[in-house]
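One-letter residues, chain by chain:
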Amino acid sequence: KSPLGTETGKGPLVLGHEMCGRVVQAGKLAEQYGVEEGDRVAVNPVQSCNACNACRAGKLQFCENLAVLGVTTDGGFAEFAKTKIAHAYKLPDSLSDEQGAFVEMLSSAVYAVRRAEIEPDNFAVVYGPGPVGLSMVQLLKNEGARVGIVGTRDYRLEVAKELGADFVWNVREGSSPHQTLDLAASIQEVNGGALADRVLVATAALEANQQAIEISGPGSVVVLMGLAGPEDAISVPLLSNLYQDKTIRFSLLYPLQWPTTIKLLEDAMVETGKIITHSASLDGIAPAIERVLKREDDVVKTVIKPS
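None of the values given here were measured: they were computed from a predicted structure.

Engineer: Run through helix H4 (residues 154-162), naming residues and quoting values.
Structural biologist: For H4, every residue scored as buried is listed here: Tyr 155, Arg 156, Leu 157, Val 159 and Ala 160. In this structure, the buried residues of H4 make contact with helix H3 (131-142), strand E7 (146-151) and strand E8 (167-170).

See below:
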């Protein structure tokens, strides 16, 4: 089974779950959704049935008949892809195709930040300066938070600074000018002696998820969203966290966030240009994926184009 509890495709399976495309053939329901042939759409790959009890309650991530493009059925790494019309969102002309493909990932960041319930002047810490974490930095700044981000690669931390991060910390590289040997102390140093008000973990790394509990202060909210392994676990000391009245939440997918995310991009509230660092054609997809896996050429995010 996939991490979502659905049966994964047995292959051959076309991967790719972040996609934007132009409608070349539309079914009879398209008109009801304001979509017609020729329109550009961003596609939500997590395709709920919109008929089961979970869907009727608006809890689409718990759909009893869930299909996921690129995971349980063919996805977007192809010249043509198929989607249910209910999960295709028309894009404004002002947005590029690259931004359209960015909507899926950004929606997960939007939902996680919503779960964090940011208050003005909160001190928020983000773990993971990948595309999701870098998007979170901007969303948190939009909400009036002061933001620090934790990572292991300086080139990504520098991107975070360009996108508005107030503080960056490298917890691995000894030669880094951003290195910290004691993250909690580093936070207290720049936060008037207090630990973080909000912590968002955009990585599955166990150390990060564990440390998020430890560097969050009284009344804080911790949001965990990294896709960990089935046996991965962290430890939460009960009494000390009870006394601090902490809230620990998980953030799964992006239920009902797509219109909000598209509007954020349309209003230029999130910059994608510094995050989308590379592109490749379908023919060059293998080396492009290899580059991402090896973190070569200062890659952050790669967009795959048909040609």
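Engineer: Would you mind going over the sheet that holds strand E6 (residues 123-127) in detail, with residue names and values included?
Structural biologist: Ordered by their spatial adjacency, six strands build an open sheet running E8-E7-E6-E9-E10-E11, and the pairing between neighbours is parallel. Strands at the two margins of the open sheet, each flanked by one partner only, are E8 and strand E11 (247-250). In this sheet, adjacent strand axes meet at a mean angle of 15 degrees when their direction is disregarded. Note that strand E10 (residues 216-224) and E11 share four bridges and pair parallel. Bridge assignment links Val 222 to a residue of E11, and that residue is Ile 248.

Engineer: Outline the side chain of Asn 170, listing residues and values.
Structural biologist: Along the chain, the position of Asn 170 falls in strand E8. Engagement of the side chain of Asn 170 in a polar contact is seen with the side chain of Asp 154, the distance being 2.9 Å. Here Arg 172 takes part through its backbone nitrogen, which lies 2.8 Å from a polar atom of the side chain of Asn 170. Those residues within four positions of Asn 170 in sequence are excluded, and the remaining contacts are Gly 151, Thr 152, Arg 153, Asp 154, Leu 157, Ser 176, His 178, Gln 179 and Thr 180.

Engineer: So what about unusual backbone geometry? Which residues, and what values?
Structural biologist: With a phi close to 50 degrees, Asp 245 is a non-glycine residue in the positive phi region. Looking at Asp 245, the relative accessible area reads 60%, which means it is exposed. For Leu 256, which is not glycine, the phi dihedral falls at a positive 65 degrees. Mapped onto the fold, Leu 256 is located in the loop between E11 and helix H8 (258-266).

Engineer: An account of the state of the cysteines is requested, with residue identities and associated values reported.
Structural biologist: This model, assessed by the stated rule, comprises zero disulfides. In this structure Cys 52 is not part of a disulfide, and its nearest cysteine sulfur, from Cys 55, lies 3.7 Å away. In this structure Cys 52 comes out as buried when scored by relative accessible area, which is 7%. This cysteine, Cys 63, is not joined by any disulfide, and Cys 49 carries the nearest cysteine sulfur, 3.7 Å off.

Engineer: So what about the packing of helix H2 (residues 97-116) against H3? Which residues, and what values?
Structural biologist: Where H2 contacts H3, the two axes come as close as 9 Å, and the packing angle between them is 55 degrees. Relative to H3, the element H2 lies oblique. Crossing hand, H2 versus H3: right-handed. Touching Phe 102, Met 105, Leu 106, Ser 108, Ala 109, Val 110, Ala 112 and Val 113 of H2 are Pro 131, Val 132, Ser 135, Met 136, Leu 139 and Leu 140, all from H3. Taken together, the residues that form the contact of H2 with H3 break down as 12 nonpolar, two polar and no charged.

Engineer: Mind laying out a nonpolar patch on the surface, listing which residues take part and the relevant values?
Structural biologist: A grouping of Leu 15, Phe 77, Ile 289 and Leu 293 is seen on the molecular surface, where their side chains present a nonpolar patch of about 370 Å² in accessible area. Residue position: Leu 15 is located in the segment before strand E1 (19-22). When its relative accessible area of 47% is taken as the criterion, Leu 15 is described as partly exposed.

Rules of the game
Residue numbers here run from 1 along each chain, matching the order of that chain's written sequence. Thresholds applied to this predicted model are a pLDDT of at least 70 for local features of residues and 80 or more for the giving and counting of side-chain atom pairs; totals over whole chains, interfaces and linings are not thresholded and use all residues. The basis for the side-chain values is all heavy atoms of the structure; hydrogens and waters are excluded. Burial classes: relative accessible area under 20% of the type maximum marks a residue as buried, over 50% as exposed, and values in between as partly exposed (1.4 Å probe, protein chains only). Helix and strand definitions follow DSSP, with helices as H or I runs of at least four residues and strands as E runs of at least two, each counted in order from the N terminus. Any pair of residues with heavy atoms lying within 4.5 Å of one another is described as a contacting pair. Two strands pair under a simple rule: DSSP has to find at least two bridges between them. The angle between two axes is taken between their N-to-C directions and runs from 0 to 180 degrees, where each axis is a line fitted to C-alpha atoms and a helix contributes only its stretch in contact. Polar contact is the term for a pair of N or O atoms within 3.5 Å; when the atoms are in protein, one must be able to donate a hydrogen and the other to accept it, and sequence-neighboring residues count only if both atoms are side-chain atoms. Cysteine sulfur pairs qualify as disulfides if the two atoms are within 2.5 Å. Oblique is the label for any angle not covered by the other classes, which are roughly parallel (under 35 degrees), roughly antiparallel (over 145) and roughly perpendicular (65 to 115). Should the near helix be turned counterclockwise from the far one by less than a right angle, the crossing is left-handed, whereas a clockwise turn marks it as right-handed. All residues other than Ala, Val, Leu, Ile, Met, Phe, Trp, Tyr, Cys, Pro, Asp, Glu, Lys and Arg, Gly among them, are scored as polar; the first ten of these are nonpolar and the last four charged. Residues enter a patch when their relative accessible area is above 30% and they make no salt bridge; the linking distance is 9 Å between like charges and 5 Å between nonpolar side chains (Val, Leu, Ile, Met, Phe, Trp, Tyr). Per-residue accessibility takes into account occlusion by the displayed protein chains alone, with areas from the Shrake-Rupley method and a 1.4 Å probe. We define a salt bridge as a contact between a side-chain nitrogen of Lys or Arg and a carboxyl oxygen of Asp or Glu at a distance within 4 Å.

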